[in-house]
Amino acid sequence: MKYLFSLFIFIVGFTSVGLGQVNQKDSQGRKQGVWKKAHPNNAVFKYEGQFKDDKPYGRFTYYYESGKVKAIMDYTNNGKTSYAQMYHETGYLMARGKYINQQKDSTWVQYDDRGVISYQEDYKNGKLNGQRVIFYEPQAGQYRVMEYSYWENGIQHGEYKKFHPNTKVKEEGKYVDGNKHGEVKHYHPNGKIAMIQRYKYAVKHGYHIVYNESGQQVGFKLYWEGVELKGKALEEKIAELKAAREGN
């Protein structure tokens, strides 16, 4: 009986020490060592990882309430930098990328719920900055680009192109500070021009010309400061533009 009592004391003492090493703060109130936090009203852990002087380091694992892994974060640089892998609840990879000071940075890749790449994009200080590429469903393991564009500080800025599934260009143009600007060209799947539009900071401005699949012009409209010109106003503007061209 004395032996059993001693064993009981040993087990309780050992367990208490083990539990005492989890979710601890130092005298300054800083998190230290291993931390595990459960979901509200759920015994499943929300995350588990470790801190040093209140800053995360090493690997953190986050969980759905179902217990499935939601994300894995690897912290470096005194907790300022982390490399993330996020998962759908089905277990397939959802996204991977890098954080600096808890904001997205560098290239991020996004996956659908089957683990197939959907798009990738560049970030700086948590905002889109650089190229963004969207992909079609891969065929025979090959990814085909659906669209690419360029961004600056979270705003679309620069050239962009969209592609038909057969890889031929579908649309191409340019954005300036988030607005379509200048000439935008649309193409039929056979590569022939389908339409030319003209914009002035997102407002339709100039000739919009339509072509059939043989590349022959089949119609046009003329916009000026966003207004489609018709009747006498159309005739006068056409004459004005023609005179300007001939004057040059």
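Rules and cut-offs
- Residues numbered from 1 in each chain as written.
- Predicted model: local features only at pLDDT ≥ 70, side-chain atom pairs only at ≥ 80, totals over all residues.
- Heavy atoms only, no water.
- Helix = DSSP H or I, 4+ residues; strand = E, 2+ residues; numbered from the N terminus.
- Rg over C-alpha atoms; globule rule 2.2 N^0.38 Å.
- Buried < 20%, exposed > 50% of the residue type's maximum accessible area, 1.4 Å probe, protein only.
- Contact = heavy atoms within 4.5 Å.
- Areas by Shrake-Rupley, 256 points an atom, 1.4 Å probe, with all protein chains shown as cover.
- Lys, Arg positive; Asp, Glu negative; His and termini not counted.
- Charge placed at Lys NZ, Arg CZ, Asp CG, Glu CD.
- Salt bridge = Lys/Arg side-chain N within 4 Å of Asp/Glu carboxyl O.
- Pairing = 2+ DSSP bridges.
- Expected span 1.5 Å × (residues − 1).
- Arc of directions from axis to C-beta.
- Core = buried A, V, L, I, M, F, W, Y, C linked by side-chain atoms within 4.5 Å.
- Phe/Tyr/Trp six-rings, centres within 6.5 Å; stacked < 30°, edge-to-face > 60°.
- Lys NZ or Arg CZ within 6 Å of the ring centre and 35° of its normal.

(A) Geometry of the overall build of the protein. Within the protein, the regular secondary structure consists of 2 helices and 21 strands. The C-alpha radius of gyration of the protein comes to 30 Å, more than 25% above the 18 Å expected for a compact globule of 248 residues. With the principal axes as the frame, the protein shows a C-alpha extent of 110 × 45 × 30 Å. Burial analysis of the protein (248 residues in total) assigns 30% to the buried set. Nonlocal contacts in the protein, meaning residues at least 24 apart in sequence, comprise 7% of its contacts between residues at least 6 apart. Split by element, the accessible area of the protein, about 15900 Å² in all, is 52% carbon and sulfur. Placing the 38 positive and 27 negative side-chain charges of the protein at their respective mean positions leaves the two points 4 Å apart.

(B) A look at the pattern of salt bridges. A complete count under the given rule lists 14 salt bridges for this structure. Across the pair arginine 30 and aspartate 26 runs a salt bridge whose closest N-O atoms are separated by 2.8 Å. A salt bridge links glutamate 225 to lysine 200; its shortest N-O distance comes to 3.5 Å. Of this pair, glutamate 225 sits in the loop between strand S20 (217-224) and strand S21 (227-228) while lysine 200 sits in strand S17 (residues 193-200); the two residues are 25 residues apart in sequence, bridging distant segments of the chain. Residue glutamate 225 is classed as partly exposed on the basis of its relative accessible area, which comes to 48%. Judged by relative accessible area, lysine 200 falls into the partly exposed class, the value being 37%.

(C) Region of interest: the side chain of aspartate 105. Among the secondary structure elements, aspartate 105 is positioned in strand S8 (residues 103-111). Comment: no salt bridge for buried aspartate 105; closest opposite-charge side chain is lysine 98, at 4.3 Å. Once residues lying within four places of it in the same chain are set aside, the contact partners of aspartate 105 are Lys98, Ile100, Tyr123, Lys124 and Asn125.

(D) Structural detail: the pairing of strand S16 (residues 182-187). Bridge count between strand S14 (residues 169-176) and S16: 2 bridges; the pairing is antiparallel. By the bridge assignment for S16, glutamate 171 is matched with histidine 186. As paired elements, S16 and S17 share 6 bridges and run antiparallel to each other. Its bridge partner being in S17, glutamate 183 is matched across the sheet by arginine 198. Taking the residues between adjacent antiparallel strands as the criterion, S16 and S17 are bridged by 5 residues, where glycine 191 takes a positive phi near 95 degrees.

(E) Geometry of helix H2 (residues 231-247). The end-to-end C-alpha distance of H2, which contains 17 residues, comes to 25 Å, matching closely the 24 Å that a straight helix rising 1.5 Å per residue would cover. Leu234, Lys237 and Leu241 are the residues of H2 that are buried. For H2, the arc enclosing every buried residue in end-on projection is 70 degrees, short of the 170-degree limit, so these residues lie on one face. Exposed and oriented more than 90 degrees from the buried face of H2 are Lys232, Glu235, Glu246 and Gly247. Buried-residue contacts for H2 involve strand S19 (206-211) and S20.

(F) Layout of the nonpolar core. With 13 residues, the main nonpolar core has Tyr47, Phe51, Phe60, Met73, Ala84, Tyr99 and Trp108 as its most contacted residues. Within the residue set of this core, elements represented by two or more residues are strand S3 (45-52), strand S5 (69-76) and strand S7 (93-100). Filtering out sequence-adjacent residues up to four positions away, tyrosine 47 remains in contact with Lys31, Trp35, Lys36, Lys37, Phe60, Thr61, Tyr62 and Tyr63.

(G) Region of interest: the packing of aromatic side chains. For the structure shown, the criterion picks out 12 aromatic pairs. Here the aromatic rings of phenylalanine 51 and phenylalanine 60 are separated by 5.2 Å at their centres, their planes lie at 85 degrees, and the arrangement is edge-to-face. Of the residues examined, phenylalanine 51 reaches a relative accessible area of 10% and is grouped as buried. Its relative accessible area of 2% is what places phenylalanine 60 among the buried residues. Feature note: the residues Trp35, Tyr47, Phe51, Phe60, Tyr62 and Tyr75 constitute an aromatic cluster, connected by ring pairs. A cation over an aromatic ring shows up here: lysine 104 above the ring of tryptophan 108, its NZ or CZ 4.8 Å from the ring centre.

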